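Architecture at a glance
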Amino acid sequence: MGKKRVIKKFLLEIPEEIWEKWKNTIPRSISLNKALIELLKKQRNKK
């Protein structure tokens, strides 16, 4: 059997201006969820 994937869900509190500026940089072909995951992965790899 494969390993069960654990998903962390949470509500973000981000100032609307910051969220809108970031959201507008993401192509519509990519979900915001996927874009946020990629951003977190890149940040993790910087350390």
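All values reported here derive from a predicted model rather than from experimental measurement. (Residues numbered from 1 in each chain as written. Predicted model: local features only at pLDDT ≥ 70, side-chain atom pairs only at ≥ 80, totals over all residues. Heavy atoms only, no water.)

**Concerning the environment of Ile14**
On the secondary structure map, Ile14 appears in the segment before helix 1 (16-23). Ile14 sits in the partly exposed class, given a relative accessible area of 36%. (Helix = DSSP H or I, 4+ residues; strand = E, 2+ residues; numbered from the N terminus. Buried < 20%, exposed > 50% of the residue type's maximum accessible area, 1.4 Å probe, protein only.)

**Let's talk about the packing of helix 1 against helix 2 (residues 32-46)**
Where helix 1 contacts helix 2, the two axes come as close as 12 Å, and the packing angle between them is 95 degrees. If you check the angle between helix 1 and helix 2, you find them roughly perpendicular. In this structure, helix 1 uses Trp19, Trp22 and Lys23 to contact helix 2, whose residues at the interface are Leu32, Ala35, Leu36 and Leu39. Within the contact of helix 1 with helix 2, the residues separate by chemical class into six nonpolar, no polar and one charged. (Axes fitted to C-alpha atoms, helices over the stretch in contact; angles between N-to-C directions. Parallel < 35°, antiparallel > 145°, perpendicular 65-115°, else oblique. Contact = heavy atoms within 4.5 Å. Nonpolar A, V, L, I, M, F, W, Y, C, P; charged D, E, K, R; others polar.)

**A short note on the layout of surface pockets**
In this approach the atoms are scanned with a rolling probe the size of a water molecule, which exposes any empty space left behind. Taken as a whole, the largest pocket encloses approximately 370 Å³ of empty space. Forming the walls of the largest pocket are 13 residues, and the residues nearest its centre are Ile7, Lys8, Phe10, Asn33 and Ile37. The biggest single contributor to the lining of the largest pocket is helix 2, with five residues. In terms of residue class, the lining of the largest pocket is built from nine nonpolar, one polar and three charged. (1 Å grid on protein atoms, 1.4 Å probe; cavity = no way out; pocket = protein on both sides within 12 Å on 5 of 7 lines; lining within 4 Å. Points joined across faces, edges and corners; volume = space filled by probe spheres on them.)

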